[in-house]
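Secondary and tertiary structure notes
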Amino acid sequence: MKRGADFYGNDIVARALAGTDYQRFVDSTLADLYHNRDTKGFEYDPIMQYGFTYQQLQEEHGVSAMSSYIDFDSEVPLRSVEGVETLSGDIPRFGDGYSMNEKQMREKLLLAQQGLFNEDSRNSILSLLYNTTEDLIMSVYNTLSYQRHQMVSTGELNITDANNPRGGIKNIKFKAGIPDENITALSGTARWFTDTNLTEGTASDPMKVIVDELKRRKNAFMPTEAIEMSKELWDAFLGHSKVLIAVGYYYNPESASDAIATNIAKRLPEDDLKRIIERKLGVRIDVIDKIVAVEKYNKAKKEIERPSMSAFDVDRIVFIPSSNLGTIKVVKPLTVGDPAVKVAFYDSNRIMLLQSFNERKTTFRVESQFTGLCVPTKSKYISIIKVR
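We now turn to the structure provided with this report. Note that this is a predicted model, so its numbers are computed, not measured.

1. Some remarks on the packing of helix α7 (residues 231-238) against helix α10 (residues 270-281)
Their axes nearest at 12 Å, the elements α7 and α10 cross at an angle of 85 degrees. Considering the angle they form, α7 stands roughly perpendicular to α10. Only Glu270, Leu273, Lys274 and Ile277 of α10 make contact with α7, whose side of the interface consists of Trp234, Asp235, Phe237 and Leu238. Its residues assigned to classes, the contact of α7 with α10 comprises 5 nonpolar, no polar and 3 charged.

2. Brief notes about the nonpolar core
Among the nonpolar cores identified, the biggest contains 50 residues, and Tyr346 and Leu353 are the most heavily contacted of them. Broken down by element, the residue count for this core peaks at 10 residues, all from helix α5 (residues 119-154). Within the second largest apolar cluster, 29 residues are counted, among which are Trp192, Leu238, Ala246 and Ile385.

3. Let's talk about the sheet that holds strand β9 (residues 284-288)
The mixed open sheet is built from 5 strands, whose spatial order is β7-β19-β14-β8-β9. Strands at the two margins of the open sheet, each flanked by one partner only, are β7 (183-185) and β9. Sheet twist, expressed as the average angle between the axes of neighbouring strands with direction ignored, equals 20 degrees. Relative to strand β19 (residues 383-386), strand β14 (residues 316-320) runs antiparallel, the two sharing 4 bridges. Pairing of valine 318 across the sheet is with isoleucine 384, part of β19. Of the strands in this sheet, β8 (226-230), β14 and β19 are in contact with helix α6 (residues 206-219), which crosses β14 at around 30 degrees. Sitting on the sheet, α7 is in contact with β8, β9 and β14, with an inclination near 100 degrees to β8.

4. As for the pattern of salt bridges
Applying the stated rule across the entire model yields 19 salt bridges. The residue glutamate 228 makes a salt bridge to arginine 148 at a minimum N-O spacing of 2.9 Å. Taken together, the residues glutamate 228 in strand β8 and arginine 148 in helix α5 connect sequence positions 80 residues apart. Among the residues examined, glutamate 228 registers a relative accessible area of 2% and is labelled buried.

5. Re the packing of α6 against α10
At a minimum axis separation of 11 Å, α6 and α10 run at an interaxial angle of 40 degrees. Between α6 and α10, the angle falls in the class oblique. Note on packing geometry: the crossing formed by α6 with α10 is right-handed. Note on element contacts: α10 touches α6 through Ile277, Lys280 and Leu281, opposite Met207, Ile210, Val211 and Leu214. Across the contact of α6 with α10, the residue classes break down as 6 nonpolar, no polar and 1 charged.

6. A word on the packing of aromatic side chains
One pass over the structure, following the stated rule, counts 2 aromatic pairs. When the ring of tryptophan 192 is compared with that of phenylalanine 237, the centres are 5.5 Å apart and the planes differ by 35 degrees; the resulting orientation is tilted. Placement of the pair is tryptophan 192 in the loop between β7 and α6 and phenylalanine 237 in helix α7, with a sequence separation of 45 residues. Assigned by exposure class, tryptophan 192 and phenylalanine 237 land together as buried. Note on tryptophan 234 and phenylalanine 237: the rings are 5.7 Å apart at their centroids and 25 degrees apart in plane angle, and the pair reads as stacked. Here tryptophan 234 pairs with phenylalanine 237, and both are found in helix α7, just 3 residues apart, close to one helical turn. The exposure class assigned to tryptophan 234 is buried, which follows from its relative accessible area of 1%.

Reading the values: the criteria
Residues numbered from 1 in each chain as written. Predicted model: local features only at pLDDT ≥ 70, side-chain atom pairs only at ≥ 80, totals over all residues. Heavy atoms only, no water. Axes fitted to C-alpha atoms, helices over the stretch in contact; angles between N-to-C directions. Helix = DSSP H or I, 4+ residues; strand = E, 2+ residues; numbered from the N terminus. Parallel < 35°, antiparallel > 145°, perpendicular 65-115°, else oblique. Contact = heavy atoms within 4.5 Å. Nonpolar A, V, L, I, M, F, W, Y, C, P; charged D, E, K, R; others polar. Core = buried A, V, L, I, M, F, W, Y, C linked by side-chain atoms within 4.5 Å. Buried < 20%, exposed > 50% of the residue type's maximum accessible area, 1.4 Å probe, protein only. Pairing = 2+ DSSP bridges. Salt bridge = Lys/Arg side-chain N within 4 Å of Asp/Glu carboxyl O. Left-handed = near helix turned anticlockwise from the far one by under 90°. Phe/Tyr/Trp six-rings, centres within 6.5 Å; stacked < 30°, edge-to-face > 60°.

Structure (structure tokens):
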């Protein structure tokens, strides 16, 4: 064991790992996290790319990129998404990082330098390494989930200040290639709800809107496996007067009035409501309940905030053609063999994790890097309706 001034930060982590290395630590403690990737209908392309440009995406899958204001020399920011990073038009790289500064490290460094690095110190370092690494991997999966749900529910992935406040990359848009005629919006009183208070449009009829679109798709030889909508919209949909009336009459065709049918529907559990609606429409409804968060610095309050948002657009319903919607294109991570950086890989080498210690700044860092994009391949069979 090193003592004195030559006992550095990486030595503390190595001592805590007790003879193993960062890769084996990741493999042994975090092996099951990949089950948390929520990208329904999108699976990894079996071959990782050494580079993948917008032009290739457009030629192969109808995905195009629009206005590109790109900072291509930025380091991975701490706890933020980095965004698209090269002028050549590569698919986006994103990453997070955690940093423990000198004040946080001092006690552990001093104990180590005095030869007092005990089991409590070891467990403290291992807990830090586990928690930060786990959160970095989950951040990658949350970003992929957001990509998937935005591509499907809005027809594009738009990198903005709202979803990438600390990444330095803004106004980048990836279009999913859904035909214009498949993206429509209700207007005026035909909208299901006309304000945030869920005031119903006087001419709105959600069930009819869905039935009409299912008929249009059938006539256009477009298969429909499911309808997707956010949990927020689903809850509002179940409370719409026209939906309650339709469900009540379907449950009891002998209902004497709309009021009686409504009361019947209101007494049914949500699971029963969903089964009845699916039987009446003849299609499965998938409710997307995925909330993501970003970190944003509030200059006025001088503190970090974590605003959350629905990954799936809360104003739209989507008609899904099949369970296989697309692929996740991933660029193979690149390492340069820096001896001061400990590297581990996760999810079949797609996610790169880096552990380093800056002796000059006395700062310990754990970072993640992942370069990938959810690319729809069934775009022409997806249809979207904005209903409020």
